[in-house]
Amino acid sequence: MSKLLERKVQELKDQGVYRKLPINYGACGAMINLNGKEVINLTSNNYLGLANHPRIKAASIKAIEKYGVGAGAVRTIVGNMDLHEELEVTLAKFKKEEAVMVYQSGFNCNAGTIQAVTGKGDLILSDALNHASIIDGVRLSRADKAVYKHSDMKDLERLIKEKRADYETVLIITDGVFSMDGDICKLPEIVKLAKKYDCLTYIDDAHGSGVLGENGRGTVDHFHLHGQVDFIMGTLSKAVGVIGGYVAGSFATKEWLSHRGRPILFSTALPPGTVAAINESIKVMSESGELSEKLWENGNYFKAKMKETGFDIGNSETPITPVIIGDEAITMEFSRKLLEKGVFVSGIVFPTVPMNTGRLRCMITAEHTKEQLDKAVDVFVEVGKELNII
Ligand SMILES: *Cc1c(COP(=O)(O)O)cnc(C)c1O
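Residues numbered from 1 in each chain as written. Predicted model: local features only at pLDDT ≥ 70, side-chain atom pairs only at ≥ 80, totals over all residues. Heavy atoms only, no water.

> Honestly, the sheet that holds strand β2 (residues 37–41) in this entry has me stumped. Any pointers?
For sheets, the rule is that strands pair by backbone hydrogen bonds, running either parallel or antiparallel. If you walk across this open sheet you meet the three strands as β1-β2-β11, and the pairing is mixed. Because the sheet does not close on itself, it has two edges, and the strands there are β1 (31–34) and β11 (343–344). (Pairing = 2+ DSSP bridges. Helix = DSSP H or I, 4+ residues; strand = E, 2+ residues; numbered from the N terminus.)

Here it is in structure tokens:
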């Protein structure tokens, strides 16, 4: 086996896409100590800068003093602390939905929820650019799957018309904000189609939470569609700054998932320090929209400057700014050269994105200063010229 994997790793090296995991020697902020060097961090999902927020750290430490560092069991046995209950009430209120079920990560939330709410004999309609954890959840569900062209509502309706009559339950799943391109799903149209053809809807709002809507309430809030999407999934690991995932929706959804969500039944509950941190983080977001306003200001500033320089920055509608290079090996080389000059943006290539659409995905946060963003643009231009991209 190890011989086989050695050969496979060698193939990655031959293709120029082999990489070592970068090591961050401190907190995740606008500047990081990467592999021992201070660099501008343009690649985290810490949109609001909450991952290292003093108030949130203090809340976490206080909870550790009282509750310890581990939950001790899965939630269905004895891992369910009052902190977990409090978090779900706080989150449901923040999301303006009836109830919330919290998972240990966004990934296992998708994997666990999709398989719990659909099964053999159902149909799932999935956007072509949906996240890997959705794809895995769909596989685990053993439901039939049909993929519609990215955000193409005509194609979605065509599939529904073709297949709706053959199934009792049809679930439409989409990312809220598409993580590799930064575009927003056409949720109002999806909801309309779902109503017209009696389908269920599921949105993965990992990149919409903390970014879109009032105080970062997410894509559903952005479009004023509260109560109209059946399953609203989000992460607690990106803008919220900690770790975890959740589904917001009806009381019945929560109750069903507490009986049939496999990560709830078979994986230990989030530790108390983490849950207290998330609780505080949601409080910070609820109290003020200041951080999400700063995030948008920074994102718009960076995108405008990058556009002027002539790079292809795709069709992002959010602070996610993909700089599309194309070739996989050149994308990775671009990333290495940026890092040499003090700017960290990881190259994203196949299989995370389609072949020949390799990109440097710049994640702008509320923490970046104008000086850092200016410096990053200058370095991009330097490397872009060196590699004959612009
Ligand atoms: C990051 C991400 C996830 C997984 O969330 P984690 O909390 O990091 O496990 C799920 N869906 C999308 C669209 C994501 O971007």
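Let's pick the thread back up.
> Even after reading the chapter, I still don't get the sheet that holds strand β13 (residues 358–363), so can you show me in this structure?
Pairing is antiparallel across the open sheet formed by three strands, whose spatial order is β10-β13-β12. On the outer flanks of this sheet lie β10 (320–326) and β12 (347–348), each paired with one strand and no other. Where β10 meets β13, six bridges bridge the pair, whose relative direction is antiparallel. In the strand pairing of β13, glycine 326 is matched with glycine 358. The strands touched by helix α14 (residues 328–340) are β10, β12 and β13; relative to β13, the strand with the most contacts, the crossing angle is about 35°. (Contact = heavy atoms within 4.5 Å. Axes fitted to C-alpha atoms, helices over the stretch in contact; angles between N-to-C directions.)

> What is the right way to read the site of the ligand from this model?
Around the ligand lies a shell of 15 residues, among which Gly106, Phe107, Asp204, Ser237 and Lys238 are the nearest. Contacts to the ligand include histidine 207, whose side-chain N or O atom sits 2.9 Å from an oxygen atom. With respect to the ligand, the side chain of lysine 238 contributes an N or O atom lying 2.6 Å from an oxygen atom. Among the elements that line the shell around the ligand, the one with the most residues is helix α5 (residues 106–117), at three residues. In terms of residue class, the shell around the ligand is made up of two nonpolar, ten polar and three charged. (Near = heavy atom within 4 Å. Polar contact = N/O pair within 3.5 Å; in protein donor to acceptor, adjacent residues only side chain to side chain. Nonpolar A, V, L, I, M, F, W, Y, C, P; charged D, E, K, R; others polar.)

> Where do I start with the state of the cysteines in this structure?
Defined simply, a disulfide is a covalent bond joining two cysteines at their sulfur atoms. Tallying each qualifying case throughout the model produces zero disulfides. Here cysteine 185 stays unpaired: no disulfide links it, and the sulfur of cysteine 199, its closest cysteine neighbor, is 15 Å away. (Disulfide = S-S within 2.5 Å.)

> Whenever I open this one, the packing of aromatic side chains confuses me. Can you help?
Ring pairs (aromatic) are described by centroid distance and by the angle formed between their planes. Applying the stated rule across the entire model yields four aromatic pairs. Taken together, a centroid distance of 6.1 Å and an interplanar angle of 70° make the contact between phenylalanine 311 and phenylalanine 334 edge-to-face. Of this pair, phenylalanine 311 sits in the loop between α13 (290–309) and β10 while phenylalanine 334 sits in helix α14; the two residues are 23 residues apart in sequence, bridging distant segments of the chain. One exposure class covers both phenylalanine 311 and phenylalanine 334, and it is buried. Pairing phenylalanine 334 with phenylalanine 380 gives two aromatic rings, centres 5.6 Å apart and planes at 40°, and the pair type is tilted. Here phenylalanine 380 lies in helix α15 (residues 370–386) and phenylalanine 334 lies in helix α14, a separation of 46 residues in the sequence. Owing to a relative accessible area of 0%, phenylalanine 334 belongs among the buried residues under this scheme. A connected cluster of aromatic rings, assembled from ring pairs, spans Phe311, Phe334 and Phe380. (Phe/Tyr/Trp six-rings, centres within 6.5 Å; stacked < 30°, edge-to-face > 60°. Buried < 20%, exposed > 50% of the residue type's maximum accessible area, 1.4 Å probe, protein only.)

> What is the right way to look at helix α8 (residues 187–196) in this model?
Within α8 the residues assigned to the buried category are Leu187, Ile190, Val191, Leu193 and Ala194. Taken end-on, α8 shows its buried residues confined to a sector of 165°, consistent with a single buried face. α8 presents Lys192, Lys195 and Lys196 as exposed residues on the side facing more than 90 degrees away from its buried surface. (Arc of directions from axis to C-beta.)

> Explanation requested: a nonpolar patch on the surface in the structure shown.
On the surface, a cluster of nonpolar side chains totalling about 210 Å² of accessible area is made up of Val9, Leu12 and Tyr18. Examined against the element boundaries, leucine 12 turns out to sit in helix α1 (residues 2–15). (Patch = residues over 30% accessible without salt bridge, like charges linked within 9 Å, V, L, I, M, F, W, Y side chains within 5 Å. Areas by Shrake-Rupley, 256 points an atom, 1.4 Å probe, with all protein chains shown as cover. Salt bridge = Lys/Arg side-chain N within 4 Å of Asp/Glu carboxyl O.)

> I would appreciate a short explanation of the side chain of serine 281 in the present structure.
Here serine 281 is to be found in helix α12 (residues 272–287). Within polar-contact distance, the side chain of serine 281 engages the backbone oxygen of valine 240 at 2.6 Å.

> Would you explain the side chain of aspartate 221 in this entry?
With respect to the helices and strands, the residue aspartate 221 is situated in helix α9 (residues 219–222). Buried charged residue aspartate 221 carries no salt bridge. Nearest counter-charge: lysine 96, at 4.1 Å. Reaching out from aspartate 221, the side chain makes a polar contact with the side chain of histidine 226 at a distance of 2.7 Å. The contact partners of aspartate 221, leaving out residues within four places of it in the chain, are Lys96, Gly213, Glu214 and His226. (Lys, Arg positive; Asp, Glu negative; His and termini not counted.)

> Please explain the nonpolar core as it appears in this structure.
Soluble globular proteins: nonpolar side chains tend toward being buried together. Formed by 42 residues in total, the largest nonpolar core has its most connected members in Tyr47, Leu91, Val102 and Leu187. The set of elements that each furnish at least two residues to this core consists of α2 (54–67), α4 (82–95), β3 (99–103), α8, β9 (245–249) and α12. For this core, the leading source of residues is α12, giving seven residues. When near neighbours in sequence (up to four residues on either side) are disregarded, valine 102 contacts Arg75, Leu87, Glu88, Leu91, Leu236, Gly245, Tyr246, Ile264 and Leu270. (Core = buried A, V, L, I, M, F, W, Y, C linked by side-chain atoms within 4.5 Å.)

All we've got here are geometric facts, nothing functional implied.
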